[in-house]
Amino acid sequence: MRATELMSTPVTTVSPEATVAEAARLMIERNVSCLPVVDGRDRLVGILTHSDFGLHHRFVPLAGNLYTLLGSWADTRTFAENARASMGKRVAEVMTRDVVTVKDEDSVSHISATMLNHHVKRTPVMHGNTLVGIITQHDMLKLFFVSMQEQNPEGDQAKSAS
């Protein structure tokens, strides 16, 4: 199986000039967990995920240990203040710039290895320099579930009969 058979398309994208609030609204309206960021020439320049809105390494002050770090972020008022502050920022200020991508002809095994090796939960699918789709952990889970069903079609029925 290739990326083109697994990927979700069309892909909802956002401009690097959009505000984080606009991007958050778009993610909620489209029910997506990330937005590839494309410039005016439709080139992929970054990716924005739900983790870019909250406790993120770019917004976390340096701390000597985890307790010190969480102590400054654990209360809801501080977290809300940081979230409000990020909403007025531009997507370009908070997005991940080094995007892990896969090619549209890549195999599922290559894609899963890429996602695991780079610790990413989603990856844009490219055809040359053109964004053509996106693959998420959820897509991989669906593939795994279908594969398990095909290998053991009576498995669920046998369990429910006992």
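Residues numbered from 1 in each chain as written. Predicted model: local features only at pLDDT ≥ 70, side-chain atom pairs only at ≥ 80, totals over all residues. Heavy atoms only, no water.

Regarding the pattern of salt bridges
- The tally for this structure, following the rule as stated, stands at 2 salt bridges.
- Of the charged contacts, one joins Arg43 and Asp39 as a salt bridge, the two residues approaching to 2.7 Å between their closest N and O atoms.
- For Arg43, a relative accessible area of 41% corresponds to the partly exposed category.
- Given the relative accessible area of 16%, Asp39 is considered buried.
- Note that Asp139 and Lys142 form a salt bridge whose closest N and O atoms lie 3.6 Å from each other. Of this pair, Asp139 and Lys142 both sit in helix H7 (residues 137–151), 3 residues apart, which is roughly one turn of that helix.
- Here Asp139 falls in the buried class, since its relative accessible area comes to 3%.
- Taking the relative accessible area as the measure of exposure, Lys142 reaches 44% and is therefore partly exposed. (Salt bridge = Lys/Arg side-chain N within 4 Å of Asp/Glu carboxyl O. Buried < 20%, exposed > 50% of the residue type's maximum accessible area, 1.4 Å probe, protein only. Helix = DSSP H or I, 4+ residues; strand = E, 2+ residues; numbered from the N terminus.)

Focus: the pairing of strand E4 (residues 122–127)
- E4 sits mainly inside the fold: 5 of its 6 residues count as buried.
- By the bridge criterion, 2 bridges tie strand E3 (residues 102–103) to E4 in an arrangement that is parallel. For Val102, the partnering residue across the bridge sits in E4 and is Val125.
- Taking the residues that link successive antiparallel strands as the turn, the E4-strand E5 (residues 130–136) hairpin has 2 residues, and the phi of Gly128 there is positive, at about 65 degrees. (Pairing = 2+ DSSP bridges.)

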